[in-house]
Structures are given as C-alpha cells and as structure tokens.
Amino acid sequence: MLSILLLAACAPEKGLDPTFTVETVPQRVPVEPGLIDEASGIADSQTIDGHLWVEEDSGNPPQLNLLSHAGKLIGRLPVPGVVNRDWEDLAIGPGPQVGISYLYVADIGDNSGGNGENYIYRLAEPTSLTAMVSSVDRIAFRYADGPHDAETLLLDPLTRDLWIVTKAVDKARLYQLAYPQNTTAVSTATFKGEVALSLVTSGTISPDGTNIVLKTYVGIAYWRRAAPERLDAVLTTQQPRSLPYLIEPQGEAIGFDKAGNGFFTLSERGSAASVTLNYYKRL
C-alpha cells in the first residue's frame with residue numbers, strides 16, 4: 001500500500017523539528033464496548049478539563065460524546081438542527097468570536113462519490129453537557145472538480161482557515177476554505193495541491209499551529225511548520241516524518257491535547273472485541 005511505503009521512507013527534511021517525537025507505546029485505557037463503537041473524530045475539550053469530544057459517523061445520531069481521559073463516557077450532547085449524513089472528523093479551536101473555543105463537525109464523507117455539497121457545522125464549545133447549544137453555523141461547500149470522499153478536517157489556529165484532505169487511494173488532495181467562511185451560501189473549496197499520502201483518515205494541528213499530523217490506517221505522518229509558512233506549502237512540498245503508531249482495528253480519529261503535549265487516537269471497533277483510547281505523550 002502506497003501509504004505504508006511513504007511512511008516507511010519518510011526522513012527528516014530541512015524545516016522539520018527533529019526533537020518532536022512521542023512515546024513508542026501509548027498510554028491506553030479501555031472504552032466500554034457498545035458506547036462509542038464508530039469514532040470518526042476526536043477533540044480535546046478546551047472548556048471541560050480532562051475530557052474529549054468524540055463524534056461518530058453515518059448511522060449515528062447528530063450528537064457529540066463527552067469522554068473522559070480515563071475512557072469513561074460522561075454523556076452525549078445533541079447538535080440541534082443538523083443531520084449526521086457522514087460525520088468524518090472533528091476539529092477544535094478559534095472561530096468568529098475572539099476568546100471563544102469552537103467545535104467544527106465535518107460532514108464530508110462520500111463513499112459513493114455523489115454528494116453535490118458537503119457541510120462543516122461550527123458551534124461554540126459548551127462548558128458542560130447541560131449548557132444549551134444556542135446556534136450552529138453551517139458552512140456548505142463543494143469541490144470545483146467534482147465530489148470527493150474525505151475524512152480529514154484541519155483547522156489552522158493561526159489563520160482560522162479550514163482545510164480538507166481527501167481520502168484518496170493514490171495521493172490525497174488538499175482543499176482550503178479561507179476565513180471568514182461563508183455561512184449563507186455554498187462556497188467552492190480551493191484546490192491547493194497534493195499530499196504524498198493515501199487513505200488519510202484524520203488529522204490535527206497543535207494549538208500553537210506549529211505541529212501538523214495526518215493519520216492513515218497504518219501510520220502517522222508529521223510536519224513542522226514555521227509561523228510564517230502557509231499550511232499548503234508545508235503539506236504539499238515537504239516530506240513528512242513518521243511518528244510511532246500502534247495499529248488500531250480501524251483508526252479514524254486523532255487530536256492534539258489542548259496543551260500540545262501529545263495527541264489522542266481512538267478507533268472504530270469494527271469486528272474487534274473492544275478498543276482503547278490511546279494517548280501519545282510528547283517526549
């Protein structure tokens with residue numbers, strides 16, 4: 001598989017931070033089977049310490065699950081006025097109002113290649129499960145070159161731009177929705193080049209904007225970005241470096257912790273008896 005070869009061949013290039021690495025064996029805690037079996041996106045809460053928001057993909061209600069760092073399901077948060085056609089990734093960070101943390105739910109899965117429009121739902125992050133979700137912005141977009149299946153949403157915390165990475169079987173394609181995103185009309189995502197990975201299932205950017213990771217089913221690719229560099233210039237021109245990764249049953253979710261000291265992964269259960277919440281601490 002191309003992604004295996006690419007990750008195996010990756011070596012540090014100029015501009016990458018060779019000091020960034022994580023534990024070879026992650027810290028693992030079990031998640032009770034039947035509670036969150038189809039995790040497709042994960043984000044470390046900025047308003048509820050020690051907890052993560054987890055979304056599930058098609059076939060599940062339009063809701064976010066609140067999971068403790070110990071792997072315990074605390075409760076579920078309905079997202080009003082939307083549907084879960086195929087939620088495939090979750091991002092967290094800045095948005096329209098300064099000082100507010102926002103959640104970005106990416107309804108971008110398209111296995112059949114028939115979606116004329118895709119949606120990213122943006123909401124201010126609640127401070128508790130009992131807090132009301134007052135409004136949800138819908139960012140509708142299409143690709144200029146026709147439908148694509150995608151499972152990866154990146155929020156650039158430095159610019160507030162949104163980036164979509166397609167789940168291609170050869171080279172992934174990178175698209176941009178520049179800030180401020182339109183919430184009243186359908187936008188056209190701008191093609192920004194190809195990324196030398198295939199079957200990308202999720203991605204995340206550290207809160208300071210300098211560390212970027214994309215995951216496939218078989219590995220995690222890492223890029224270092226200097227503050228003035230454009231994200232597309234980094235992802236499409238620099239070779240990534242492979243980070244440690246313990247293969248999961250069907251790993252489709254990754255997210256930095258809110259301090260940028262490591263990242264979490266969570267897998268769909270699939271045919272496995274159970275899954276674990278994994279945390280890769282930065283060394």
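Please refer to the structure higher up on the page.
What counts, and at which threshold
Counting from 1, residues in each chain are numbered in the order their sequence is written. In keeping with the predicted nature of the model, local features appear solely for residues at pLDDT of at least 70, side-chain atom pairs appear and are counted solely at 80 or more, and the whole-chain, interface and lining totals rest on all residues. Heavy atoms throughout the structure, all of them, feed into the side-chain values; hydrogens and water do not. Where helices and strands are cited, they refer to DSSP runs of H or I of at least four residues and of E of at least two residues respectively, numbered from the N terminus. We take the radius of gyration over the C-alpha atoms and set the globule estimate at 2.2 Å times the residue count to the 0.38 power. Exposed residues in this analysis have more than 50% of their type's maximum accessible area, buried residues have under 20%, and partly exposed residues fall in between, with area computed by a 1.4 Å probe over protein chains only. In what follows, a contact means two residues having at least one pair of non-hydrogen atoms within 4.5 Å. Using a 1.4 Å probe, the Shrake-Rupley method yields the accessible areas, and only the shown protein chains count as cover for residues. Here the positive residues are Lys and Arg and the negative ones are Asp and Glu; neither His nor the chain ends is included. Every charge is mapped to an atom, namely NZ of Lys, CZ of Arg, CG of Asp or CD of Glu. Strand pairing requires that DSSP identify at least two bridges connecting the strands. An axis is simply a line fitted to the C-alpha atoms; with a helix, the fit covers only the stretch in contact. Between two such axes, the angle follows the N-to-C directions and lies from 0 to 180 degrees. Only Phe, Tyr and Trp rings take part, Trp by its six-membered ring, and two of them pair if their centres are within 6.5 Å. Stacked means planes under 30 degrees apart, edge-to-face means over 60, and tilted covers everything else. Think of it as a cone above the ring: NZ of Lys or CZ of Arg counts as a charge over the ring if it is within 6 Å of the ring centre and within 35 degrees of the ring normal.

### A word on the overall build of the chain
Working step 1: The secondary structure content of the chain amounts to two helices and 20 strands.
Working step 2: For a compact globule of 283 residues, the expected C-alpha radius of gyration is about 19 Å, and the chain comes in at 17 Å, within 12% of that figure.
Working step 3: With respect to the three principal axes, the spread of C-alpha positions in the chain is 45 × 40 × 40 Å.
Working step 4: Taking all 283 residues of the chain together, the buried fraction comes to 55%.
Working step 5: Within the chain, contacts between residues separated by at least 24 positions form 54% of all contacts whose residues are at least 6 apart in sequence.
Working step 6: Only carbon and sulfur atoms are counted for the fraction: they give 53% of the accessible area of the chain, which is about 11300 Å².
Working step 7: Of the charged side chains in the chain, 22 are positive and 33 negative, and the gap between their average positions amounts to 5 Å.

### A word on the pairing of strand 15 (residues 211-216)
Working step 1: Most of strand 15 is tucked away, with six of its six residues classed as buried.
Working step 2: Side chains Asn211, Val213 and Lys215 of strand 15 all project onto a buried face; the interleaved residues Ile212, Leu214 and Thr216 project onto the opposite face, where all are buried too.
Working step 3: Pairing of strand 14 (residues 200-205) with strand 15, which is carried by five bridges, proceeds in the antiparallel orientation. Its bridge partner lying in strand 15, Thr204 is registered against Val213.
Working step 4: Two successive antiparallel strands, strand 14 and strand 15, enclose a turn made up of five residues, where Gly209 displays a positive phi of approximately 80°.

### Observations concerning the sheet that holds strand 15
Working step 1: Pairing is antiparallel across the open sheet formed by four strands, whose spatial order is 14-15-16-17. At either end of the open sheet lies a strand with only one pairing partner, and these are strand 14 and strand 17 (241-243). The mean angle between the axes of side-by-side strands here comes to 30°, regardless of whether they run parallel or antiparallel.
Working step 2: Two strands pair when backbone bridges link them, and strand 15 and strand 16 (residues 220-224) are joined in this way by five bridges, in the antiparallel orientation.

### Examining the packing of aromatic side chains
Working step 1: Within the structure shown, the criterion is met by nine aromatic pairs.
Working step 2: Ring geometry for Phe264 versus Tyr279: centroids 4.7 Å apart, planes at 40°, classification tilted. One end of the pair, Phe264, is in strand 19 (residues 262-268); the other, Tyr279, is in strand 20 (residues 275-281), with 15 residues separating them in the sequence.
Working step 3: In this structure Phe264 comes out as buried when scored by relative accessible area, which is 5%.
Working step 4: Arg160 extends its terminal NZ or CZ atom over the ring of Tyr179, reaching a point 4.1 Å from the ring centre.
Working step 5: The lysine or arginine in question, Arg173, covers the ring of Phe191, its NZ or CZ lying 3.8 Å from the ring centre.

Interpretation in functional terms is not warranted from these geometric data alone.
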